[in-house]
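What follows is each chain in one-letter form.
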Amino acid sequence: NPVMRLASDGTVIYANEGSGGLLASWSRQVGQKAPDPWPEIVRQALASGDMTTIDAEYGGRVSSLSVAPIVESQYVNLYGQDITERVRVEEELRRRDEILEAVAFAAEQLLKAASWHEVIPVVLERLGRAVGVSRAYLFESHFNRKGEPVVSQRYEWVAEGVSAQIDNPDMQ
């Protein structure tokens with residue numbers, strides 16, 4: 001976990017071994033000024049005397065950095081804690097909630113509609129966006145003129161910039 005000391009102008013005056021990833025992401029080393037917005041964060045912390053916390057992403061990791069002002073000495077200490085796993089779990093829970101909300105929306109729309117055909121475009125869009133895909137389809141199983149079982153695309157939602165396949169004969 002990173003532990004650093006920044007002078008009142010934002011210069012890094014100490015960094016432990018765990019700070020290597022953060023310093024590398026800043027393209028800085030001890031003795032150099034931290035990149036924006038850090039000098040301003042240091043100034044604000046020293047002016048207020050209040051401890052703050054900032055989340056920083058670097059090297060595929062996320063750290064919660066506590067900014068502890070030492071006003072009488074005119075520097076701040078940064079104490080980092082790796083929160084990558086917590087952030088990942090929070091994101092998974094957010095995605096799960098979005099999907100569950102989209103499923104509830106779909107159920108409500110389908111139950112309220114006089115005909116499901118009326119609401120399927122908005123239902124596919126909501127489900128597609130919630131799941132984070134570029135397209136969502138609804139296919140129908142039926143028999144062709146020869147009595148053979150076939151599957152045909154009947155409805156489609158596509159994200160912006162994605163070409164629709166609803167008229168593609170291979171999907172019918």
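The text that follows walks through the structure, step by step, so that each part is easy to find. Quantities reported herein were computed from a predicted structural model and do not represent experimental measurements. (Residues numbered from 1 in each chain as written. Predicted model: local features only at pLDDT ≥ 70, side-chain atom pairs only at ≥ 80, totals over all residues. Heavy atoms only, no water.)

1. Quick word on the sheet that holds strand β2 (residues 12-15)
Pairing in this open sheet of 5 strands is antiparallel, and the strands run β2-β1-β5-β4-β3 from one edge to the other. Where the open sheet ends on each side, the last strands, each with one partner, are β2 and β3 (52-58). Taking the axes of each pair of neighbouring strands and ignoring which way they run, one obtains an average angle of 25° across the sheet. Here helix α2 (residues 38-48) sits on the sheet and contacts β1 (3-7), β3, β4 (61-70) and β5 (75-82); the angle it forms with β4, its principal contact strand, is near 40°. (Pairing = 2+ DSSP bridges. Helix = DSSP H or I, 4+ residues; strand = E, 2+ residues; numbered from the N terminus. Axes fitted to C-alpha atoms, helices over the stretch in contact; angles between N-to-C directions. Contact = heavy atoms within 4.5 Å.)

2. Describing the pattern of salt bridges
Tallied over the entire structure, the rule returns 12 salt bridges. Glu 91 serves as the salt-bridge partner of Arg 94, at 2.3 Å between the closest nitrogen and oxygen. Here Arg 94 pairs with Glu 91, and both are found in helix α3 (residues 84-112), just 3 residues apart, close to one helical turn. Given the relative accessible area of 38%, Arg 94 is considered partly exposed. One salt bridge connects Glu 140 with Arg 154, and the closest N-O pair in it is separated by 2.6 Å. Residue Glu 140 is found in strand β6 (residues 135-143), and its partner Arg 154 is found in strand β7 (residues 149-158); the two are separated by 14 residues along the sequence. On the basis of relative accessible area, Glu 140 is assigned to the partly exposed category, the value being 36%. Here the salt bridges share partners, and the residues they tie into one network are Glu 85, Arg 88 and Glu 92. (Salt bridge = Lys/Arg side-chain N within 4 Å of Asp/Glu carboxyl O. Buried < 20%, exposed > 50% of the residue type's maximum accessible area, 1.4 Å probe, protein only.)

3. Notes on the nonpolar core
One broad trend across soluble globular proteins is that nonpolar side chains are buried collectively. Ranked by internal contacts, the top residues of the largest apolar core, which has 19 residues, are Met 4, Leu 6, Val 12, Trp 26, Trp 38, Val 76 and Leu 78. Where this core is concerned, the elements lending two or more residues are β1, β2, α1 (20-26), α2, β3, β4 and β5. At 5 residues, the largest contribution of residues to this core is made by α2. In contact with Met 4, other than residues within four places in its own chain, are Val 12, Tyr 14, Ala 15, Ser 19, Leu 22, Leu 23, Trp 26, Val 76, Asn 77 and Leu 78. Among the nonpolar cores identified, the runner-up in size contains 10 residues, and Ala 113, Ile 120, Ala 136 and Trp 157 belong to it. (Core = buried A, V, L, I, M, F, W, Y, C linked by side-chain atoms within 4.5 Å.)

4. Quick notes on the environment of Gly 21
Residue position: Gly 21 is located in helix α1. Judged by its relative accessible area of 37%, Gly 21 falls in the partly exposed class. Considering only alpha carbons, one finds Gly 21 and Asp 36, 15 residues apart in sequence, at a separation of 17 Å.

5. Let's talk about the packing of aromatic side chains
In the structure shown here, the tally under the stated rule is 3 aromatic pairs. A cation over a ring is seen here: Arg 126 above Phe 105, with NZ or CZ 4.4 Å from the ring centre. (Phe/Tyr/Trp six-rings, centres within 6.5 Å; stacked < 30°, edge-to-face > 60°. Lys NZ or Arg CZ within 6 Å of the ring centre and 35° of its normal.)

6. Examining the side chain of Thr 84
The topology assignment puts Thr 84 in helix α3. Of the polar contacts made by the side chain of Thr 84, one reaches the backbone nitrogen of Val 62; its length is 2.8 Å. Sequence-distant contacts of Thr 84, defined by excluding residues within four places in its chain, comprise Gly 60, Arg 61 and Val 62. (Polar contact = N/O pair within 3.5 Å; in protein donor to acceptor, adjacent residues only side chain to side chain.)

7. Thoughts on α3
For α3, built from 29 residues, the straight-helix expectation of 42 Å at 1.5 Å per residue is met to within 8% by its first-to-last C-alpha distance of 42 Å. The set of residues buried in α3 consists of Thr 84, Ala 102, Phe 105, Ala 106 and Gln 109. Here the buried face of α3 lies against β4, β5 and α4 (116-131). (Expected span 1.5 Å × (residues − 1).)

8. Regarding the pairing of β3
Pairing between β3 and β4: 7 bridges, direction antiparallel. When the sheet's bridge partners are listed, Ile 54 is paired in β4 with Leu 65. Remark: 2 residues form the turn of the hairpin made by β3 and β4, two consecutive strands paired antiparallel; Gly 59 in that turn has positive phi of roughly 55°.

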